[in-house]
Number of protein chains: 2
Amino acid sequence: MPEAASAPSPTLGFARAGGPASRAVIGDSEFDRDTAVTRREPGVYDIDLSAGWTIFDAVNGGFLLAVLGRALADALPHPDPFTVSAYYLTASRPGPAVVRTQTVRTGRTLSTGQASLFQYDDEGNEVERIRVLASYGDLSDLSEDVRTTATPPAIPPLEQCFGADDAPEPLPGGSAIAERLMLKLDPATLGWAVGAPSGRGEMRAWFGLADGRDADPLSLLLAVDALPPTAFEIGIEGWVPTVELTVHVRRRPAPGPLRVSITTRNLAGGFLEEDAEVWDSEDRLVAQSRQLARVSRG
Amino acid sequence: MPEAASAPSPTLGFARAGGPASRAVIGDSEFDRDTAVTRREPGVYDIDLSAGWTIFDAVNGGFLLAVLGRALADALPHPDPFTVSAYYLTASRPGPAVVRTQTVRTGRTLSTGQASLFQYDDEGNEVERIRVLASYGDLSDLSEDVRTTATPPAIPPLEQCFGADDAPEPLPGGSAIAERLMLKLDPATLGWAVGAPSGRGEMRAWFGLADGRDADPLSLLLAVDALPPTAFEIGIEGWVPTVELTVHVRRRPAPGPLRVSITTRNLAGGFLEEDAEVWDSEDRLVAQSRQLARVSRG
């Protein structure tokens, strides 16, 4: 898809050649079309998972969170994900899938729901790919009271960071999804890409959608799992499958590119945690996530 | 309960007057007896929630995690919780409860399950209190490979820290559970107890069970939610109910007291995250948790 593939103009941040007028908008973009679910019956939704959001042959875990998030936003009385906890069971492939949701509890401020995404085996039996518990609310109702000690990640300006197009060779993990993301990595966390990992469990990047669509709570679910794994900078090669990932959406993101920082402090016994922070253009911490991932043997 | 109420001897760490010989052991302690569940039928367990683990009139959330953890350990083929994500729906009270579990997926290394704890309304209808998703494994199978940059919390020696018995006045939140915990808080995070909160979202403590029972993976589920909320040190009074809490158990804890550090970096819009780290006597990070909590209005 030439549009999505064309890199954003660094000087314009998100905007592609042609300027803001040509940018996709929330509600009318590839991300919105590809995460859209069709209600089969109350609480049950069909979707044909696009091949456009895969890493190698598996659909990206953050993209799947957004799909489940769309279904729950329809099924629950509140519009925005506040916290989503996902357990990844089997790898999702492009193709038909069904999302089955359950309303667990509805309250005044928060509603809690559950959702599972299934695909089909050769006999047409449903195979569960991912199961989530989530609480939804309305981000517009949050007070402006902020007492935070968190600070945005130290990352060079976007034009000094590097994306797949800038790499000396195709980045490991580079796949169809890479064409759809504006992902510019901090050179300080890019050693792994040239065979010289820093040894530090850190990865930082500017993040957006390649077509210029601004961020919203659903795309934050994609943002927290879109960077290369910190394990690469620790010097571990190969797949690092997610066991569990919980994301907290703390604020509706302002327009403009996001900064995403992921950190691993404890790699032990073949497992590691990966903490993500997502910051918006107003220097507000809009999402936090933590995942437990497994270092695949070999 | 005079035994549990008697403060631990600082010089002996965990041991009460009478010495190690009088210490409770894993499998034969009040914590083990009170978290024990009775299998009604495959996957369904009954328990009478003790009033001994309450804060004010609600059963402690970490204790409930341990109860659900016991049920899942019986229902799943793997023995140890690796990751548990809990959504708190309604407050649990002392009295009868039923835990209903479901095996979601069983794998070679990990099994994933779901569990809900219900109590009963006046008409005897089940009311769901808490729902969890969890992945279990065998901590004994983990490799000894450790590449961590995490460091134990800076906390004074146990004998220089303060528990409920040492407080000038009963600590807010002090309740039945306080008699069953060996909880000695770092004086640097105790300002709130004397009306002078530090303004920093930090709380540190030595943690154990008052009867000297050593820690195990189940008691780690209690440890991550046993300290006073960081909100107290930020200067926020009143209840800070947990919306969601995910804990990762990373290693089987060594004998001896634990050090627990909880941190809040982002209080915004009436919600805050609380990150906990639990360290054992061998300076190993044995558990990590994060919860999203709500600042109750008024």
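Notes on the structure in this doc start here. Given the structure is predicted, the values throughout are model-derived calculations rather than measurements. (Residues numbered from 1 in each chain as written. Chains lettered and ligands numbered in written order. Predicted model: local features only at pLDDT ≥ 70, side-chain atom pairs only at ≥ 80, totals over all residues. Heavy atoms only, no water.)

### So, the relation of the copies chain A and chain B
For the pair of chain copies, the relating operation is a rotation around an axis with a shift along it. As a reminder, the rule being used: For the least-squares superposition of copies, only C-alpha atoms count, and only for residues with pLDDT at least 70 in both. What makes two residues a contact is simply this: any of their non-hydrogen atoms within 4.5 Å.
Between the two copies, chain A and chain B, the superposition gives an RMSD of 0.0 Å; the rotation angle is 180° and the shift along the axis is 0.0 Å. Taken together, the rotation angle and the small translation identify this as a two-fold axis. Every residue of chain A has its C-alpha some distance from the rotation axis, and the shortest such distance is that of Ser 85 of chain A, at 3.4 Å. A high fraction, 100%, of the interface residues of chain A reappear at the interface in chain B, so the copies pair face to face through one surface.

### Details of the pairing of strand E5 (residues 80-88) of chain A
Residue and element names in this part refer to chain A. Threshold: Partly exposed residues are those whose accessible area sits between 20% and 50% of the maximum for their type, while under 20% is buried and over 50% is exposed, using a 1.4 Å probe and protein chains only. The secondary structure listing takes helices from DSSP runs of H or I that are at least 4 residues long and strands from runs of E that are at least 2 residues long, numbered from the N terminus. Strands qualify as paired when DSSP identifies two bridges or more between them.
Within E5, nine of the nine residues are buried, which leaves it mostly tucked inside the rest of the structure. Where E5 lies against strand E8 (residues 126-137), eight bridges are found, and the strand directions are antiparallel. Paired with Pro 81 across the two strands is Tyr 136, which belongs to E8. Pairing of E5 with strand E12 (residues 242-249), which is carried by five bridges, proceeds in the antiparallel orientation. Residue pairing in the sheet places Thr 83 in a bridge with His 248 of E12.

### What to know about the side chain of Asp 32 of chain A
Residue and element names in this part refer to chain A. Just so we agree on the cut-off: Any pair of N or O atoms that falls within 3.5 Å is considered a polar contact. Within protein, one atom must be able to donate a hydrogen and the other to accept it, and sequence-neighbouring residues count only if both atoms are side-chain atoms.
Examined against the element boundaries, Asp 32 turns out to sit in helix H2 (residues 30-35). Residue Asp 32 is classed as buried on the basis of its relative accessible area, which comes to 9%. Side-chain polar atoms of Asp 32 contact the backbone nitrogen of Gly 27, separated by 2.9 Å. Residues contacting Asp 32, with those up to four places away along its chain left out, are Val 25, Ile 26, Gly 27, Arg 70 and Arg 213.

### Focus: the packing of aromatic side chains
Residues and elements named next belong to chain B. Going by this rule: Two aromatic rings from Phe, Tyr or Trp, using only the six-membered ring of Trp, form a pair when their centres are within 6.5 Å; if the ring planes differ by under 30 degrees the pair is stacked, by over 60 it is edge-to-face, and anything between is tilted.
Under the criterion given, the structure shown has eleven aromatic pairs over all chains. Aromatic side chains Trp 53 and Phe 63 sit 5.1 Å apart centroid to centroid with 10° between the ring planes, which places their arrangement in the stacked category. With Trp 53 in the loop between strand E2 (44-49) and strand E3 (54-55) and Phe 63 in helix H3 (residues 61-75), this pair connects stretches of sequence that are ten residues apart. Of the two residues examined, Trp 53 and Phe 63, each falls in the buried class.

### Quick notes on unusual backbone geometry
Backbone geometry at Phe 56 of chain A places phi at a positive 55°, although glycine is not the residue there. Within the element layout of this structure, Phe 56 of chain A appears in the loop between strand E3 (54-55) and strand E4 (58-59). Given the relative accessible area of 54%, Phe 56 of chain A is considered exposed. For Asp 283 of chain B, which is not glycine, the phi dihedral falls at a positive 60°.

### Quick look at the pattern of salt bridges
This is how it is decided: Salt bridges, as used here, are contacts in which a Lys or Arg side-chain nitrogen is within 4 Å of a carboxyl oxygen on Asp or Glu.
Enumeration according to the criterion identifies 50 salt bridges over all chains in this entry. Several salt bridges converge on common partners, so that one network encompasses Asp 186, Arg 200, Glu 202 and Arg 204 of chain A.

### Considering the interface of chain A and chain B
One widely used convention gives an interface's size as the accessible area the parts lose upon coming together. Condition: Here's the idea: put two parts together, see how much 1.4 Å probe accessible area each one loses, and the total over both is what we call buried area. Polar here means any residue other than Ala, Val, Leu, Ile, Met, Phe, Trp, Tyr, Cys and Pro, which are nonpolar, and Asp, Glu, Lys and Arg, which are charged; Gly is therefore polar.
Each partner contributes to the interface: chain A provides 55 residues, whereas chain B provides 55 residues. Between chain A and chain B, roughly 4800 Å² of surface is buried when both sides are summed, and carbon and sulfur atoms account for 50% of that area. Among the residues chain A hides against chain B, the three largest losses belong to Tyr 87, Arg 250 and Arg 265 of chain A. Together they make up 15% of the total. For the pair chain A and chain B, the number of links is six salt bridges. Two residues, Arg 265 of chain A and Glu 277 of chain B, come together in a salt bridge whose shortest N-O distance is 2.0 Å. Summed over the shared surface of chain A and chain B, the result is 39 residue pairs in polar contact (both at pLDDT 80 or more). Residue contributions to the side of chain A that touches chain B peak at seven residues, all from strand E16 (residues 285-294) of chain A. Here the residues of the side of chain A that touches chain B are counted per class, giving 21 nonpolar, 21 polar and 13 charged. Sheet topology places strand E9 (residues 146-148) of chain A next to strand E14 (residues 266-268) of chain B; three bridges connect them, and they run antiparallel. Opposite Arg 147 of chain A, over in E14 of chain B, you have Leu 267 of chain B as the bridge partner.

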